[in-house]
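Commentary on secondary and tertiary structure
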Amino acid sequence: ILNVEQSPQSLHVQEGDSTNFTCSFPSSNFYALHWYRWETAKSPEALFVMTLNGDEKKKGRISATLNTKEGYSYLYIKGSQPEDSATYLCAFFGSARQLTFGSGTQLTVLP
Amino acid sequence: EPEVTQTPSHQVTQMGQEVILRCVPISNHLYFYWYRQILGQKVEFLVSFYNNEISEKSEIFDDQFSVERPDGSNFTLKIRSTKLEDSAMYFCASSPLAGGPIGELFFGEGSRLTVL
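Below you will find a few notes about this structure.

What counts as what
Residues numbered from 1 in each chain as written. Chains lettered and ligands numbered in written order. Predicted model: local features only at pLDDT ≥ 70, side-chain atom pairs only at ≥ 80, totals over all residues. Heavy atoms only, no water. Patch = residues over 30% accessible without salt bridge, like charges linked within 9 Å, V, L, I, M, F, W, Y side chains within 5 Å. Areas by Shrake-Rupley, 256 points an atom, 1.4 Å probe, with all protein chains shown as cover. Salt bridge = Lys/Arg side-chain N within 4 Å of Asp/Glu carboxyl O. Lys, Arg positive; Asp, Glu negative; His and termini not counted. Charge placed at Lys NZ, Arg CZ, Asp CG, Glu CD. Helix = DSSP H or I, 4+ residues; strand = E, 2+ residues; numbered from the N terminus. Buried < 20%, exposed > 50% of the residue type's maximum accessible area, 1.4 Å probe, protein only. Polar contact = N/O pair within 3.5 Å; in protein donor to acceptor, adjacent residues only side chain to side chain. Pairing = 2+ DSSP bridges. Axes fitted to C-alpha atoms, helices over the stretch in contact; angles between N-to-C directions. Contact = heavy atoms within 4.5 Å. Buried area = accessible area lost by both parts, 1.4 Å probe. Core = buried A, V, L, I, M, F, W, Y, C linked by side-chain atoms within 4.5 Å.

1. Considerations on a negative patch on the surface
Where like charges cluster on the molecular surface, the negative patch consists of Glu45 of chain A together with Glu1, Glu3, Glu104 and Glu109 of chain B. Tracing the chain through its elements places Glu45 of chain A in strand β5 (residues 45-50).

As structure tokens, then:
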């Protein structure tokens, strides 16, 4: 059974703070690591798909890094805004050819 | 902007009844998926579908489950005889890449199934 873990489980930050969360995943049989942003009552929306060790991706104030050798990825949000409040999910895609999700990090940005 | 649509948004059914959940994936996508999330648990993979056949399925996807693409637009999940533990939010997703879910998935908003 694949283990994909995310921490912290939830996080409250003030508007303007920068924050980061962690996703850990198996370091073997790695194909890709996905990050999704999931707002309440909406559908999960892809942020990044990362495939290469050392990869860094950025979309506006959000960026992510990937370390496949040690099996972790960080998601960073710079200058958090209330509209960043959502659950952030990571998902591992390996040789089993199916996405295995973590439990998510629930971010609340307080105005 | 193209999106994945799912119906119904919420269905309540009695244990033992058959349920069909419907999805319209994005039109030029090639891979289709069903995931589910039981309340308080992780999102779980059920099945992937490509070229009119199942390409991968999880242990959850037993003989009670089936998928079909009856025409060029719909993708359905059937649960033959629902159990209490089938109560969950079911998500349909599609992907534009022939290489499978290496690329990002586009999710629908989900169908909540409640089995009484």
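2. Quick notes on the side chain of Asp86 of chain B
Residues and elements named next belong to chain B. Positionally, Asp86 belongs in the loop between β8 (75-79) and β9 (88-95). Although Asp86 is buried, it makes no salt bridge; Arg36 carries the closest opposite charge, 4.0 Å away. A polar side-chain atom of Asp86 sits 2.8 Å from the main-chain amide nitrogen of Lys83.

3. Things to note about the pattern of salt bridges
All names here are of chain A. Applying the stated criterion across every chain yields a total of four salt bridges over all chains. With a closest N to O distance of 3.0 Å, Arg37 and Glu39 form a salt bridge. Overall, the relative accessible area of 13% leaves Arg37 in the buried class. Asp84 is paired through a salt bridge with Arg61; the nearest N and O atoms lie 2.8 Å apart. Here Asp84, found in the loop between β8 (72-77) and β9 (86-94), pairs with Arg61, found in the loop between β6 (56-59) and β7 (62-67); they are 23 residues apart in sequence, far enough to count as distant. One connected set of salt bridges, linked through shared partners, spans Arg37, Glu39 and Lys42.

4. Structural notes on the sheet that holds strand β3 (residues 19-24) of chain A
The pairing of strands in a sheet comes from backbone hydrogen bonds and takes either a parallel or an antiparallel form. Residue and element names in this part refer to chain A. What the five strands build is an open sheet, ordered β1-β3-β8-β7-β6; its pairing is antiparallel. Unpaired on one side and paired on the other, β1 (5-7) and β6 mark the two borders of the sheet. Adjacent strand axes in the sheet meet at a mean angle of 15°, parallel and antiparallel pairs treated alike. Bridging between β6 and β7 involves four bridges; their strand directions are antiparallel. Within β7, the residue paired with Lys58 across the bridge is Ser63.

5. Quick notes on the interface of chain B and chain A
In this assembly, 20 residues from chain B lie in contact with 24 residues from chain A. Here chain B packs against chain A, burying approximately 1,700 Å² in sum over the two surfaces, 60% of which is carbon and sulfur. Applying the counting rule to chain B against chain A returns zero salt bridges. At the junction of chain B and chain A, the tally comes to four residue pairs in polar contact (both at pLDDT 80 or more).

6. Some details on the nonpolar core
Grouped together as the largest cluster of nonpolar side chains are 23 residues, with contacts concentrated most on Phe25, Leu33, Trp35, Phe48, Leu75, Tyr88 and Leu107 of chain A. For this core, the elements supplying multiple residues, two or more each, are β2 (10-14), β3, β4 (30-38), β5, β7, β8, β9 and β11 (105-110) of chain A. Broken down by element, this core gets its largest block of residues, four residues, from β9 of chain A. Beyond its immediate chain neighbours, meaning those up to four positions away, Leu33 of chain A contacts Cys23, Phe25, Phe48, Val49, Met50, Leu66, Ser73, Cys90, Ala91 and Phe92 of chain A. By size, the runner-up hydrophobic cluster in this structure holds 22 residues, among which are Leu46, Phe75, Leu77 and Cys92 of chain B.

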